[in-house]
Amino acid sequence: MRHDFYLAWRYLRHHRTRTLILVLCLSLIAALPLGLHRVLDAGEYWMTRRAEATPLLVGARGSAVDLTLGALYFSEAGVPSIRMQEADRIAATGWADPLPIYARYRVQGQPLIGVTLDYFDFRGLVPAQGELPAILGDCVLGADVAERLGLGPGDTLASSSGNAFDLAGTYPLKLHVTGVLAKAHSPDDHAVFVDLQTAWIIEGLGHGHAETQAAPTQPDSPFGAATVRRADAGLLTYTEITPENLGSFHFHGDPATYPISAVIALPHDARSATLLRGRYLDDKSATEMIRPLDVTRGLLENIFRVGALFDGILLLVVAIAFLLVALVFALSLRLRQREIETIYLLGCARLAVMRLLFAEILLIALLAGAVCAAVLYTAAPHASDLARHFILS
Amino acid sequence: MPTFRILSLVIALVAAASAGGASAIGEHKLEIVASNYPLAYFAERLAGPWATVILPAPADVDPAYWRPDAKAVGAMQKADLILLNGADYEKWRAHVALPRLKTVDTSAGFRDRFIRIENAVVHSHGPAGQHSHEGIAYTTWLDFDQAAQQAEAVAKALIAKRPELKTAVLDALRSLQADLSGLDGEIKRIAAVKPNLPLMASHPVYQYLARRYGLNLKSVHWEPGEMPPEKEWTELDKTLAGHPAKTMLWEARPAAAIADKLGAKGVASAVFDPCANRPEAGDFLVIMKQNVENLRTSFQR
Ligand SMILES: [Zn+2]
């Protein structure tokens, strides 16, 4: 038996190219469906876990899929905005805690997410380095963003204007990185987080500007003489928030009317959830409440239908591939007619040839299996990235 | 036999661990941050031994003008409850990131009753045109009925955090509100004796006090330790001509020179301390009772 493998091995080594091609073909044919399933599983796990953790979501009436993808997975498409008062409305019912999210902008290609500090508690996000944002202009990076951009606490990051056609006045703001979040294996790893108020500064709803006149203002005097601080139209607003100019930053208008993308509602119990959902049944209202899990399930069903189709096609491909391999062997037997004859002349039984062939096939299968495992192993860490990429874009 | 011994050891360990865990939960005090002393006082009275109440503004600073730095914000973020006065008191609120779910705006319940300050700072910039940054009077707690509502908001937040403390908190709330309503009734009685008695205030912080108790109060903008310039004194004379006040209310005892100069004009100085920061001696109730006594003396003048 050992001799069979030895001979088979020598033979395979002698015909290196043929062996290599066979091993590669077989391993890839095996790796493809396995890898695809790995990606689908990762996507399912990743999406279901996220959706399960997010009981209710309120956003602009329209596509529930877009809303879920935008608010939970920070998809690039974005979501039409709603007003901050939606969060207050949920809080006022006393049935649920609201978590407003503003996912409109991107920074260096990564989603820039405006949240309240509660979001970090809710998702269990803790800084692996540094601290959570404290002051206007602070940001905290998801683990993958920090790695990709090579940034850490103390660095700065410029928010690029989200939309070139937005004349309302978004201007680049230098964000101070205060921390890097521990890896969460969720879309949070790919996001840059700022406080909602900082997101509104980027939007241009709030700003800071230098006092242009040395008017004798009495900042602590509500009844003091009315002072008019005039600023000309060419006034330069600050593009970086520092301890010195922080005091000059202010918001205009009622924050309740400020934009957000969605509100995650965390009902206190099942009864509260039902009551709250009842509040959103009106078809005429501009907002709607959805259960991300329902939406994700629907989405995954479609994905799995596509996956099943793929499986069917792959099965056919595998069958054809095996026929081709069989053909290769049959042809090589033809070519090896003289060699086989020599073996008989040396006094070997017919079975010996079969054993040799069997050893060859086994060796090739083993090699292909090893290559396939190696491919899957190296690809495994990227499964969730691939799932993210294919599902979200 | 060894199996049994190991088993009993495991049981003992588990029991010890769970007992330790239980006592740790029982001993974990609520950490409460209050943005001014009245709220800190309310929280201390309502939560009693179950909470540690922190007033982050330093003792020598009026919390209304205090601004937290990143470190102070970090500490606030870690607290279980952040009590805010609201009514534009926390000017730093828009500059820092705080967890909204842990933040309680104690004056939200009477938001529609806030006193807006006229002559607010106006400025203009860009094509948006002129706008004003309106101010809101913020010493809400000097209306003791409003103070009672703020105390109730604190109590509600405490109960939401620790439902098991409900009875204790509600008992404490009843006693606190009785004290506040005592102050309320007392000032009402004092003011009713001489309605429309003209009074001066050294600082514009008594808007709610004046509204609630019908005080006829006009305000200058003086600091207790700073001699006002001559122009201010002329303005005061003009005001006094049409508003013959015999008392000026001060946040703290004014410098002797100022008090003397006022006295020469027939205006006595009386302290009505808003008590926004922790007093050196006594507590909120002691200071307020003293304020009420000072006010009584003013009305007897
Ligand atoms: Zn402005």
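Residues numbered from 1 in each chain as written. Chains lettered and ligands numbered in written order. Predicted model: local features only at pLDDT ≥ 70, side-chain atom pairs only at ≥ 80, totals over all residues. Heavy atoms only, no water.

- Taking an unreviewed UniProt entry as the reference, chain B is identified by name as High-affinity zinc uptake system protein ZnuA belonging to Methylococcus geothermalis.
- What UniProt records for chain B under Sequence similarities (unreviewed entry) is the sentence "Belongs to the bacterial solute-binding protein 9 family." (UniProt positions renumbered as here; feature names shortened; annotations may be inferred.)

- Chain A has the name FtsX-like permease family protein in an unreviewed UniProt entry, where Methylococcus geothermalis is given as its organism.

**Side note on the nonpolar core**
- Counting residues in each nonpolar core, the largest one holds 62 residues, and the members touching the most others are I32(B), L180(B) and F284(B).
- Setting aside residues up to four positions removed in sequence, F284(B) forms contacts with Y37(B), P38(B), Y41(B), F42(B), W141(B), F144(B), L180(B) and C275(B).
- One finds V145(A), L157(A), L173(A) and V192(A) within the second-largest nonpolar core, a separate group that totals 56 residues. (Core = buried A, V, L, I, M, F, W, Y, C linked by side-chain atoms within 4.5 Å. Buried < 20%, exposed > 50% of the residue type's maximum accessible area, 1.4 Å probe, protein only. Contact = heavy atoms within 4.5 Å.)

**Some remarks on a nonpolar patch on the surface**
Residues and elements named next belong to chain A.
- Taken together, L316, I320, L324, L327 and L331 make up a surface patch of nonpolar side chains, about 500 Å² in accessible area.
- Relative to the assigned elements, L331 resides in helix α9 (residues 292–335).
- Overall, L331 belongs to the partly exposed group, its relative accessible area being 48%. (Patch = residues over 30% accessible without salt bridge, like charges linked within 9 Å, V, L, I, M, F, W, Y side chains within 5 Å. Areas by Shrake-Rupley, 256 points an atom, 1.4 Å probe, with all protein chains shown as cover. Salt bridge = Lys/Arg side-chain N within 4 Å of Asp/Glu carboxyl O. Helix = DSSP H or I, 4+ residues; strand = E, 2+ residues; numbered from the N terminus.)

**Topic: the packing of aromatic side chains**
- Counted by the stated rule, this structure contains 21 aromatic pairs over all chains.
- Judged by centre distance (5.4 Å) and plane angle (35°), the rings of Y41(B) and F284(B) are tilted. Here Y41(B), found in helix α2 (residues 37–47), pairs with F284(B), found in helix α9 (residues 284–300); they are 243 residues apart in sequence, far enough to count as distant. Considered together, Y41(B) and F284(B) belong to a single accessibility category, that of buried residues.
- Through a chain of ring-to-ring contacts, three or more aromatic side chains come together here, namely F74(A), Y119(A), F120(A), F122(A) and F193(A).
- Above the ring of Y280(A), the side-chain terminus of R89(A) is found at 4.6 Å from the ring centroid. (Phe/Tyr/Trp six-rings, centres within 6.5 Å; stacked < 30°, edge-to-face > 60°. Lys NZ or Arg CZ within 6 Å of the ring centre and 35° of its normal.)

**Some thoughts on the sheet that holds strand β1 (residues 30–34) of chain B**
All names here are of chain B.
- Pairing is parallel across the open sheet formed by four strands, whose spatial order is β2-β1-β3-β4. In the strand order of this sheet, the two ends are held by β2 (51–54) and β4 (103–105), each with one partner. Taking each pair of neighbouring strands and ignoring which way they run, the sheet shows an average axis angle of 20°. (Pairing = 2+ DSSP bridges. Axes fitted to C-alpha atoms, helices over the stretch in contact; angles between N-to-C directions.)

**Examining the packing of helix α2 (residues 16–52) of chain A against helix α3 (residues 64–73) of chain A**
Residues and elements named next belong to chain A.
- Interhelical geometry of α2 versus α3 gives an angle of 90° and a closest axis separation of 11 Å. It follows that α2 is roughly perpendicular to α3 by the angle criterion. Residues W46, M47, R50 and A51 of α2 form the contact with α3, whose own contacting residues are L69, L72 and Y73.
- A per-class count over the contact of α2 with α3 returns six nonpolar, no polar and one charged. (Parallel < 35°, antiparallel > 145°, perpendicular 65-115°, else oblique. Nonpolar A, V, L, I, M, F, W, Y, C, P; charged D, E, K, R; others polar.)

**A look at the domain arrangement of chain B**
All names here are of chain B.
- Assigned domains of chain B: these are domain 1 (14–179) and domain 2 (184–300).
- Taking both partners together, domain 1 and domain 2 bury about 2300 Å²; carbon and sulfur atoms supply 60% of that area.
- Of all residues in domain 1, Y37, L142 and F144 give up the largest surface area on contact with domain 2, accounting jointly for 32% of the area buried on that side.
- Taken together, domain 1 and domain 2 are joined by three salt bridges.
- The residue E44 makes a salt bridge to R278 at a minimum N-O spacing of 3.1 Å.
- When contributions to the side of domain 1 that touches domain 2 are tallied by element, the ones reaching two or more residues are α2 and α4 (144–161).
- Looking at which element gives the most residues to the side of domain 1 that touches domain 2, the answer is α2, with seven residues.
- Residues of the side of domain 1 that touches domain 2, tallied by class, amount to 22 nonpolar, four polar and seven charged. (Domains from an automatic or database assignment. Buried area = accessible area lost by both parts, 1.4 Å probe.)

**With respect to the domain arrangement of chain A**
Residues and elements named next belong to chain A.
- In terms of domain boundaries, chain A breaks down into domain 1 (2–46 + 301–392) and domain 2 (56–290).
- Domain 1 puts four residues into the contact, and the matching count from domain 2 is seven residues.
- Taking both sides of the interface into account, the surface hidden between domain 1 and domain 2 amounts to around 570 Å²; carbon and sulfur atoms contribute 61%.
- Between the two partners, domain 1 and domain 2, sit zero salt bridges.
- The tally of links between domain 1 and domain 2 comes to zero residue pairs in polar contact (both at pLDDT 80 or more).
- Per-element accounting of the side of domain 1 that touches domain 2 gives the leading share, three residues, to helix α12 (residues 383–392).
- Along the lines of polarity and charge, the residues of the side of domain 1 that touches domain 2 split into two nonpolar, no polar and two charged. (Polar contact = N/O pair within 3.5 Å; in protein donor to acceptor, adjacent residues only side chain to side chain.)

**Quick look at the confidence of the model for chain B**
Residue and element names in this part refer to chain B.
- Mean pLDDT for chain B: 86, with 86% of residues reaching 70 or above.
- Contacts of residues 13–25 to residues separated by more than four positions or lying in other chains number zero contacts, the stretch itself having pLDDT below 50.
- Across residues 120–133, where pLDDT falls below 50, the model places 39 contacts with residues more than four positions away in sequence or in other chains.
- Across the interface, the model reports ipTM at 0.80; the global pTM reads 0.80. (pLDDT = per-residue confidence, 0-100.)

**Some details on the pattern of salt bridges**
- Scanning the entire structure with this criterion turns up 27 salt bridges over all chains.
- One salt bridge in this structure joins D144(A) and K183(A), with 2.5 Å as the shortest N-O distance. Placement of D144(A) in helix α6 (residues 143–149) and of K183(A) in the loop between β8 (173–181) and β9 (192–195) is noted, with a sequence separation of 39 residues between them.
- We classify D144(A) as buried; its relative accessible area is 12%.
- Note on K183(A): relative accessible area 45%, which makes it partly exposed.
- Note that E235(B) and K238(B) form a salt bridge whose closest N and O atoms lie 3.6 Å from each other. Here K238(B) and E235(B) lie together in helix α7 (residues 230–242), a separation of three residues that amounts to about one turn.

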